[in-house]
4 protein chains.
Amino acid sequence: MVVRAAVAGASGYAGGELLRLLLAHPEVEIGALTGHSNAGQALGSLQPHLRPLADRVLEPTTAEVLAGHDVVFLALPHGQSAAVAEQLGDEVLVVDMGADFRLKDAGDWEAFYGSPHAGTWPYGLPELPGGRAALAGATRIAVPGCYPTAVSLALFPAYEAGIAEPEAVIVAASGTSGAGKAVKPHLLGSEVMGNMTPYGVGGGHRHTPEMIQNLSAAAGQPVTVSFTPTLAPMPRGILATCSAKAKPGVSAESLRAVYGKAFADEPFVDLLPEGQWPATAAVYGSNAVQVQVAHDPAAGRIVVVCAIDNLAKGTAGGALQSMNIALGLPEDTGLSTIGVAP
Amino acid sequence: MVVRAAVAGASGYAGGELLRLLLAHPEVEIGALTGHSNAGQALGSLQPHLRPLADRVLEPTTAEVLAGHDVVFLALPHGQSAAVAEQLGDEVLVVDMGADFRLKDAGDWEAFYGSPHAGTWPYGLPELPGGRAALAGATRIAVPGCYPTAVSLALFPAYEAGIAEPEAVIVAASGTSGAGKAVKPHLLGSEVMGNMTPYGVGGGHRHTPEMIQNLSAAAGQPVTVSFTPTLAPMPRGILATCSAKAKPGVSAESLRAVYGKAFADEPFVDLLPEGQWPATAAVYGSNAVQVQVAHDPAAGRIVVVCAIDNLAKGTAGGALQSMNIALGLPEDTGLSTIGVAP
Amino acid sequence: MVVRAAVAGASGYAGGELLRLLLAHPEVEIGALTGHSNAGQALGSLQPHLRPLADRVLEPTTAEVLAGHDVVFLALPHGQSAAVAEQLGDEVLVVDMGADFRLKDAGDWEAFYGSPHAGTWPYGLPELPGGRAALAGATRIAVPGCYPTAVSLALFPAYEAGIAEPEAVIVAASGTSGAGKAVKPHLLGSEVMGNMTPYGVGGGHRHTPEMIQNLSAAAGQPVTVSFTPTLAPMPRGILATCSAKAKPGVSAESLRAVYGKAFADEPFVDLLPEGQWPATAAVYGSNAVQVQVAHDPAAGRIVVVCAIDNLAKGTAGGALQSMNIALGLPEDTGLSTIGVAP
Amino acid sequence: MVVRAAVAGASGYAGGELLRLLLAHPEVEIGALTGHSNAGQALGSLQPHLRPLADRVLEPTTAEVLAGHDVVFLALPHGQSAAVAEQLGDEVLVVDMGADFRLKDAGDWEAFYGSPHAGTWPYGLPELPGGRAALAGATRIAVPGCYPTAVSLALFPAYEAGIAEPEAVIVAASGTSGAGKAVKPHLLGSEVMGNMTPYGVGGGHRHTPEMIQNLSAAAGQPVTVSFTPTLAPMPRGILATCSAKAKPGVSAESLRAVYGKAFADEPFVDLLPEGQWPATAAVYGSNAVQVQVAHDPAAGRIVVVCAIDNLAKGTAGGALQSMNIALGLPEDTGLSTIGVAP
């Protein structure tokens, strides 16, 4: 099988990571690469780590350029995917790495993004209940946000098993690549090194409704989410610390059993051995997910910590994993669980 | 006034930061400096940033060496302060930067430290209700832990004002100096750079009972604390994200009013202007505390974020601030609110 | 004595560091603060670490605003200082932290900056031979570049003593604040963390002619300089590794003697004890300079390594030190040699 | 072809990186893994990023354990490889990642390592003149040091082409993993973050004679090397800035031509396009080598900058590349030139 793949938005961090992974995917042939302000430039100057593609020149993001591929990945700013996707036929698999088609509720979309809702596509988190069925044979995939990937994987087992109260409290630290390659003063190296700072506190982050959507579906009832993201002084990685009040009768053992069962057959998610805690460094550059759980009887809460690479499993790796499923390839084709450490 | 100060444990991070601040304190004259395994060495090789003290040689930590000073600071491993303090008369102000005398409840001490409780000294967090009164004229001071400093400042106003339910959820990121200078594999630079990882999850961190003690006192009722500390890839700084369910009727305005009032006259604590969030880089090397609040009506919670320098306000600066009060000096003598940034 | 100081360019890194130091200077009263695109904004949002100045509003950079001060510091982009300085009378001390008045040779200026030469002002590196005499009573001061500060201090003793051949090879690592607060893609945190990369290789860096000027003056003959700057993943600090062939007869002892003598009476420069090497962390936030020397008989070279804080001694601290001399104040007024570490 | 490989010293950074690469090598089957103090422990707790090997238990480093493999990699402390290798037959390929068999001159070995010389094995830097011929069919391979890898690749073309004077000056920055996993105070995260500091200045670093050996061989005459290594605040990567006086007649064009020719057919080494400079981040985790050259006519020098990943091409990747050659496999089997960035 040869899958010809185009990437729209190849100069950014998500696009670059996707290309890094596509280069190692045995069934994929890399086709058109497009950019916006960078169209006409060679990729070598924009993504110097992608040596085999150094001489490839970015084309403009148009339907003509993107036509004729088996898969088209969209790594575009919010709101731009629908127009492009409409021009690509249903025989093409379109994988949107942006936010446009993640939310089911149009009201949520409009409240958090301030624009008309483009629609809802099959959601690219295979580990969720029913996740793989929704992706098999799909021709449109909405790749989850990086934070919702980590948080949903951390908490869906507890909610599916009914062991947690429906009020989740989440504090997550993200590496700076999560903010993208856009040049903003607070993302300068001088500002972020040696610094931890929160943003979007109090419910304002756009990933919040996506978490609520996933956790509520797992719980079968509405779940509220208090989400505080923080910017950490590292290029990659998300560490999500998630907790909720334990339902009566929950113990350390029953908690661990729930998670052991949830991830027993997952190719990318590990419930770590007792005593070992997730570390973003351990999943650096890989599609692996590290999860660990604790029961705090004094506070009456369960605490679940999850580490992912925001660009890999949190974006480009998750996209490829879902592509594999949609195309009927083995789910882990071209995807590694081995981190680059130290 | 000339205050002659001795420092026991001058080779560690807490001792080094204290000396940095003492050198800038206009009323203090630095006396004996002691160490354990480093006794006999010049400070210049151990603390190369403390240039004016480069030629001072560490003496062993004995009562004879520490005698004859107005103030003795103890930066010793847990469990060693009592024996030293007993040999120092009541006319000497002893400031313990370790944990030994922080907890009021002997059972808590024994549960978390596994040794007999040494006692309880006046608690060195002046901003707490009644905090300054307890320190005025004191001859013994227990300096708070770094996490409890940040967390207690973040949440006591809400509990004192009765606007938060008594179940606090706290996730805090700390720079590596919080783990001290002890040489452990997981603290190697190769391990911590680019890495976020939690520890002591589920109630196991020794600072938890200290937070409970402070917040329960402010609330006038027992408060539970779910505390998850994380190690962040930076040398200094604590960012504590603290939340609790809001009591009925709380609004963004009333929340802000509570905090504005609580910190109105505080020399070191700032409730930041709306829209600006605490950043550890902004308080680097200073005694300043940045606090910001948010009300999340969808989740029904208040969120308070607090940034301090763990070595300064979180340890050595807090110690000096309390010393100033105990000795009747202006509270901010020798203490700066200006961070070193970028 | 009360020195009223204005700062033009208060929103950048150099301006911010200067304000941090001015706030701690006992004889200075901070007057007007100006900005360009940031005029009208409160300093609190631009420099959140400068808490006592949080409510000060930036004014536009005009002669009217800057008039009526004893000292005016200019932290402006290259080429803008002359026009401002002309409008300020000779009774005002103008301290230019930019490059405009550093070079004596108009041809050098034009070759490296591509614009007409504005002139030459007394050079603000007091430690150079004749440096203090040139600054006493001066009403105009050109603050050296950060790299030339480190390199000139590292090598002038060898050239003044005639123990080194006049061909210097210098490789220096700088923290990212040396590149300023301008928002450029390669300065994003995601790009600089975990990364070392050179720039301006092969003689192209604008600080090269300034080094040549200083070293040639010390040597009494033309010195060539091979200078390679590199960008290091840290916010502050310069580590300059400088070497030259040793003249015949030089030994480790004679080399050390030359440097010991050169810095014996310097308040800010330390020749470190044998076996200890300069570290940028040890001078973080301070005006201290660490120097160490080695003789490599196999390679026939002397190697001198120098560490400074690029924003402190390398810019704002050096500016204040020179101001103190020009105004007849003790040279170290308001300047610390104590680094903030770890 | 199935190559059964054992790794002695699997718990350290070199061993861990080798395992990461071996896991991706299509012809290799990982056999015995050994450790010293860690024998008996599962790899999952020591190398948490190597998920597929998490349950593998380290065995003691003995001849019995290492017997029966096609290849044995030794990642042992200096001085221990000879004893192990002697017990392994000549039909086994032994790849020593330590220093023991790198130097040809016994006197050099004794001067720098202070112990008897174990011998000299074929040298694992295929890019050197005659490098591949020496490795084809070899049963013993000495993997070069990380610094000598970068420096030799940077300068051998100039010396082979006779365009540089035989006095090289090198300043290199290394990530902290180059110092290994041994727990030493100066390698603590608190010490290395935000810090640049040199070590082994003045000719003392043990990699110096190895550089001299390689460059002298390329030049056909003795080359002196002034080498200053510095420790940079990043986990991985070496940036080597190398220069030498240009022989008469050298120009930017002729310099570039020499390097273009030297690396034209190299699978892992890139002479970057003009204007682009090596960056350690671009080769992170890969076997790629980035090189750029400059001619500085004013200083009369050529400057060559080289970036590698010290653990990959600088150690484990280089070892695999040489193994491939020795075994007759395509040289790039299992080795990527794609960096993990940002």
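What you see is a predicted model, and the numbers here were worked out from it, not measured in a lab.

Each value, and the rule that gives it
- Residues numbered from 1 in each chain as written.
- Chains lettered and ligands numbered in written order.
- Predicted model: local features only at pLDDT ≥ 70, side-chain atom pairs only at ≥ 80, totals over all residues.
- Heavy atoms only, no water.
- Buried < 20%, exposed > 50% of the residue type's maximum accessible area, 1.4 Å probe, protein only.
- Helix = DSSP H or I, 4+ residues; strand = E, 2+ residues; numbered from the N terminus.
- Pairing = 2+ DSSP bridges.
- Least-squares fit on C-alpha atoms with pLDDT ≥ 70 in both.
- Contact = heavy atoms within 4.5 Å.
- Axes fitted to C-alpha atoms, helices over the stretch in contact; angles between N-to-C directions.
- Buried area = accessible area lost by both parts, 1.4 Å probe.
- Salt bridge = Lys/Arg side-chain N within 4 Å of Asp/Glu carboxyl O.
- Polar contact = N/O pair within 3.5 Å; in protein donor to acceptor, adjacent residues only side chain to side chain.
- Right-handed = clockwise from strand over helix to strand, strands pointing away.

A.B. asks: Which parts of the structure should I look at to understand the pairing of strand E13 (residues 301-308) of chain B?
C.D. replies: In regular strands, side chains alternate between the two faces of the sheet. All names here are of chain B. Burial of E13 is extensive: eight of the eight residues sit out of reach of the surface. In E13, alternate side chains face the same way, and those of Arg301, Val303, Val305 and Ala307 on one face and Ile302, Val304, Cys306 and Ile308 on the other are all buried. In terms of strand pairing, strand E10 (residues 238-245) meets E13 through eight bridges, oriented antiparallel. Counted as the bridge partner of Thr241 is Val305 from E13. By the bridge criterion, seven bridges tie strand E12 (residues 289-296) to E13 in an arrangement that is antiparallel.

A.B. asks: Whenever I open this one, the relation of the copies chain C and chain A confuses me. Can you help?
C.D. replies: The pair of chain copies shares a relation made of a rotation about an axis and a shift along it. The two copies are related by a screw motion: chain C maps onto chain A through a turn of 180° and a shift of 0.0 Å along the axis, at an RMSD of 0.0 Å. Taken together, the turn and the small shift mark the pair as related by a two-fold rotation axis. Judged by C-alpha distance, Gly189 of chain C is the residue of chain C that lies nearest the rotation axis, at 1.7 Å. Taken as a fraction of all interface residues of chain C, those also at the interface in chain A reach 100%, which identifies the copy contact as same-surface.

A.B. asks: Honestly, the sheet that holds strand E4 (residues 71-74) of chain B in this entry has me stumped. Any pointers?
C.D. replies: Sheet strands line up and pair through hydrogen bonds in the backbone, either parallel or antiparallel. Residues and elements named next belong to chain B. Pairing in this open sheet of six strands is parallel, and the strands run E3-E2-E1-E4-E5-E6 from one edge to the other. The open sheet terminates on both sides in strands that have one partner only, identified here as strand E3 (59-60) and strand E6 (140-142). In this structure, E4 lies alongside strand E5 (residues 93-96), joined through four bridges in parallel fashion. Bridged to Phe73 within E5 is Val95. Running at roughly 155° to E4, helix H11 (residues 312-327) makes contact with strand E1 (3-8), strand E2 (28-35), E4, E5 and E6 of the sheet.

A.B. asks: Explanation requested: the sheet that holds strand E1 (residues 3-8) of chain A in the structure shown.
C.D. replies: All names here are of chain A. The sheet built from six strands is open, its strands ordered E3-E2-E1-E4-E5-E6 with parallel pairing. Two strands bound the open sheet, and with one partner strand each, they are strand E3 (59-60) and strand E6 (140-142). One ladder, built from three bridges, connects strand E5 (residues 93-96) with E6; its direction is parallel. From the neighbouring strand, Asp96 faces E6, where its bridge partner is Ala142. Sitting on the sheet, helix H11 (residues 312-327) is in contact with E1, strand E2 (28-35), strand E4 (71-74), E5 and E6, with an inclination near 155° to E4.

A.B. asks: Any chance you could explain the relation of the copies chain A and chain B here in plain terms?
C.D. replies: Once chain A is rotated about the relating axis by 180° and shifted along it by 0.0 Å, it coincides with chain B to within an RMSD of 0.0 Å. The fraction of interface residues of chain A whose copies in chain B are also interface residues reaches 100%, indicating that both copies meet through the same surface.

A.B. asks: What's the story with the interface of chain A and chain B in this structure? I'm lost.
C.D. replies: Think of interface size as the accessible area that goes away when the parts come together; that is how it is often given. In this assembly, 39 residues from chain A lie in contact with 39 residues from chain B. Both faces considered, chain A and chain B share a buried interface measuring about 3100 Å² in area, 65% of it formed by carbon and sulfur atoms. Summed over the shared surface of chain A and chain B, the number is two salt bridges. In this assembly, chain A and chain B are joined by twelve residue pairs in polar contact (both at pLDDT 80 or more). Those elements giving two or more residues to the side of chain A that touches chain B turn out to be strand E7 (167-174), strand E8 (197-198), strand E9 (224-231), strand E10 (238-245), strand E12 (289-296) and strand E13 (301-308) of chain A. Considering each element in turn, the side of chain A that touches chain B owes the most residues, five residues, to E9 of chain A.

A.B. asks: Before we go on, may I ask you to explain the pattern of salt bridges in this structure?
C.D. replies: It is possible for side chains of opposite charge to pair when their charged atoms get near one another. All told, the structure shown has 48 salt bridges over all chains when counted by the stated rule. We note a salt bridge from Glu29 of chain C to Arg4 of chain C, for which the minimum N-O separation is 2.7 Å. Note that Glu29 of chain C is positioned in strand E2 (residues 28-35) and Arg4 of chain C in strand E1 (residues 3-8), a separation of 25 residues in sequence. Judged by relative accessible area, Glu29 of chain C falls into the partly exposed class, the value being 38%. Across the salt bridge formed by Arg256 of chain D and Glu274 of chain D, the nearest N and O atoms sit 3.8 Å from each other. With Arg256 of chain D in helix H10 (residues 252-263) and Glu274 of chain D in the loop between strand E11 (269-271) and strand E12 (289-296), the pair connects residues that are 18 residues apart, well separated along the chain.

A.B. asks: What is the right way to read the pairing of E1 of chain A from this model?
C.D. replies: Residues and elements named next belong to chain A. Where burial is concerned, most of E1 is hidden: five out of the six residues are buried. Pairing of E1 with E2, which is carried by five bridges, proceeds in the parallel orientation. Across the sheet, Ala8 pairs through a bridge with Thr34, a residue of E2. Crossover handedness for the path E1 to helix H1 (residues 13-23) to E2: right-handed. Bridge count between E1 and E4: four bridges; the pairing is parallel.

A.B. asks: Looking at this structure, I do not really get the interface of chain C and chain A. What am I missing?
C.D. replies: Taken together, the 18 residues of chain C in the interface contact 18 residues of chain A. When chain C packs against chain A, close to 1400 Å² is buried across both sides, 66% of that on carbon and sulfur atoms. Between the two partners, chain C and chain A, sit zero salt bridges. Summed over the shared surface of chain C and chain A, the result is eight residue pairs in polar contact (both at pLDDT 80 or more).

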